[in-house]
Amino acid sequence: MAVTATAAPPYVTIWQTTTAIVASRALQVVAELGVADQIGERPVPVQTLAEACGADAGALERVLRLLASIGIFVRHEGGYAHSDASRVLRTDAPGSMRGFARLMNLQFVNQAFTRLDHSVQTGEPAANIVDPRGIWGYLRDHPDEARIFGEAMLAKAAADIPAVLEAYDFRRFGTIADIGGGLGHLLRAILERAPESNGILFDLPEVIGSLPRATDRVTRVAGDFFRDALPSADAYILMEVLHDWSDQDCVRILSAIRRSATPGATVTVIEGIVADAGDDPRVNTLDVLMLAIPGGRERSAAELETLFVASGFKLNAVVQTAGAMKVVEGVAV
Ligand SMILES: C[S@@+](CC[C@H](N)C(=O)[O-])C[C@H]1O[C@@H](n2cnc3c(N)ncnc32)[C@H](O)[C@@H]1O
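Because the structure is a prediction, the values reported are computed rather than measured. (Residues numbered from 1 in each chain as written. Predicted model: local features only at pLDDT ≥ 70, side-chain atom pairs only at ≥ 80, totals over all residues. Heavy atoms only, no water.)

A. Layout of the sheet that holds strand 5 (residues 218–222). Strand order in this open sheet of 7 strands is 5-4-3-6-7-9-8, and the pairing throughout is mixed. Looking at the sheet topology across the chains shown, the edges are occupied by strand 5 and strand 8 (313–320). Averaged over all pairs of adjacent strands, the angle between their axes in this sheet comes to 20°, without regard to strand direction. Taken together, the 5 bridges between strand 3 (residues 175–179) and strand 4 (residues 198–203) define a ladder with parallel strand orientation. Looking across to strand 4, one finds that Ala177 is bridged to Ile200. (Pairing = 2+ DSSP bridges. Helix = DSSP H or I, 4+ residues; strand = E, 2+ residues; numbered from the N terminus. Axes fitted to C-alpha atoms, helices over the stretch in contact; angles between N-to-C directions.)

B. Broad picture of the packing of aromatic side chains. Counting across every chain of the model gives 8 aromatic pairs. Look at Phe225 and Phe226: their rings are 5.1 Å apart centre to centre, the planes differ by 85°, and that puts the pair in the edge-to-face class. On the basis of relative accessibility, which here comes to 14%, the residue Phe225 falls in the buried class. Measuring from ring centre to ring centre gives 6.0 Å for Phe225 and Trp245, while their planes differ by 80°; the resulting arrangement is edge-to-face. Of the two residues, Phe225 is situated in the loop between strand 5 and strand 6 (235–239) and Trp245 in the loop between strand 6 and helix 13 (247–260); the sequence distance between them amounts to 20 residues. Trp245 shares its class with Phe225; the two are buried. (Phe/Tyr/Trp six-rings, centres within 6.5 Å; stacked < 30°, edge-to-face > 60°. Buried < 20%, exposed > 50% of the residue type's maximum accessible area, 1.4 Å probe, protein only.)

C. Up close: helix 1 (residues 10–33). Compared with the 34 Å implied by 1.5 Å per residue over 24 residues, the 35 Å span of helix 1 between its first and last C-alpha is a close match. The principal kink in helix 1, of about 40°, is found at Thr19. By the burial criterion, the buried members of helix 1 are Ala23, Ala26, Gln28, Val30 and Ala31. The inward-facing, buried residues of helix 1 contact helix 3 (57–69) and helix 5 (98–103). Downstream of helix 1 by one or two residues, Gly34 has phi in the positive range, about 75°. (Expected span 1.5 Å × (residues − 1). Bend = angle between axes of the 7 residues up to and from the residue. Contact = heavy atoms within 4.5 Å.)

D. Main features of the site of the ligand. Close to the ligand lie 19 residues, the nearest being Lys156, Gly180, His185, Asp203 and Met239. Contact between the ligand and Asp203: an oxygen atom at 2.6 Å from a side-chain N or O atom of the residue. Within the backbone of Phe225, a nitrogen or oxygen atom sits 3.0 Å from a nitrogen atom of the ligand. Starting from 590 Å² of accessible surface for the ligand in isolation, the protein chains cover 96%. Mapped by element, the contributors of at least two residues to the shell around the ligand are helix 10 (143–167) and strand 4. Here the shell around the ligand is composed, by residue class, of 9 nonpolar, 5 polar and 5 charged. (Near = heavy atom within 4 Å. Polar contact = N/O pair within 3.5 Å; in protein donor to acceptor, adjacent residues only side chain to side chain. Areas by Shrake-Rupley, 256 points an atom, 1.4 Å probe, with all protein chains shown as cover. Nonpolar A, V, L, I, M, F, W, Y, C, P; charged D, E, K, R; others polar.)

E. Structural context of the packing of helix 9 (residues 134–141) against helix 10. Taken N-terminus to C-terminus, the directions of helix 9 and helix 10 make an angle of 120°; their axes are 6 Å apart at the nearest point. Taken together, the axes of helix 9 and helix 10 lie oblique to each other. Note on element contacts: helix 10 touches helix 9 through Pro143, Glu145, Ala146 and Phe149, opposite Ile135, Trp136, Tyr138, Leu139, Arg140 and Asp141. The residue inventory of the contact of helix 9 with helix 10, partitioned by class, reads 7 nonpolar, no polar and 3 charged. (Parallel < 35°, antiparallel > 145°, perpendicular 65-115°, else oblique.)

F. Spatial organisation of the pairing of strand 4. Burial analysis of strand 4 places 5 of its 6 residues in the buried class, which makes it a mostly covered element. Following the chain from strand 3 across helix 11 (residues 185–193) to the adjacent parallel strand 4, one finds a crossover that is right-handed. (Right-handed = clockwise from strand over helix to strand, strands pointing away.)

G. Seen up close, the pattern of salt bridges. Counted by the stated rule, this structure contains 16 salt bridges. Across the pair Glu61 and Arg75 runs a salt bridge whose closest N-O atoms are separated by 3.0 Å. Within this pair, whereas Glu61 is found in helix 3, its partner Arg75 is found in strand 1 (residues 74–76), the two being separated by 14 residues in sequence. With a shortest N-O distance of 2.8 Å, Arg133 and Asp131 are connected by a salt bridge. (Salt bridge = Lys/Arg side-chain N within 4 Å of Asp/Glu carboxyl O.)

H. Highlighting the side chain of Thr321. Residue position: Thr321 is located in the loop between strand 8 and strand 9 (326–332). A relative accessible area of 6% places Thr321 in the buried class. A distance of 2.6 Å separates the side chain of Thr321 from the backbone oxygen of Met325, its partner in a polar contact. Contact partners of Thr321, with chain neighbours within four places excluded, come to Ala163, Val164, Ala167, Lys326 and Val327.

If you want it as structure tokens, here you go:
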């Protein structure tokens, strides 16, 4: 059966979808300028915001008026105040989404996404036009953009981690390795709940090298999961890692884990899962981003099971969380 998402009249659906990029860009620019950081508990005049952020007051007013009309900031006589949504754009908000809002503003992501046409015509990541080495090679040479990318991962994960930890108990594992764990946010949250466990954070040398301070019970290992031996552990986490890669590369990653895993070890793949109906707009949005940028895809549980079987794991469970992600558990056979 065809998937129909909204009951809006057809021309409204097309108008809104075509122009969604305007509000999206407005949000990215406002996040980049740090406008939300200038607003506390009271409305702030646009002139004051513009001076603090280095913007043209008239232009900023128009952009904020658009955002306020969709619930981001609240427009008052005397200026702009926070809505619930704009408050999480503050840099100091718990689980701040500012980093995520800046993600699409990254030169690399932005340039790649404007060439979605290339991906659709060829099936290849448009990002390779911007840099043939792909996103990870590019970020290696652009530490400022890599820092914002890391902050974006932290921001998006902050919204999902509590739901993952509520749904899945990691306390039964002695050693837990987070492969492609980025800045280590998930591993830290797991170890807080699992006082008897130890963690290993594995990521590229430039990511591990950028980490500010050591974390208790976490060993950091720098390496490349396509080339280097992975650490030995009882459980492995891959959160939004497999979706970056082709099926063939996923089998290489999972096989590297299988070679290092202790007998009966568990692998947990934590990401959005395509349902049979394929009608979750968040998963479908990520899927198209994966097509254009790293060249990966979102997968169904059955597709992940095929990758498990090809790498020496069997599918053990698919755990629903209250958030957008599922935990797909495999066990080494
Ligand atoms: C989409 S991010 C996910 C980060 C984290 N797991 C999360 O969900 O927030 C993918 C991670 O894979 C890492 N990565 C990419 N290529 C890698 C490689 N060849 N070896 C190890 N890590 C890699 C990146 O540096 C990045 O931290």
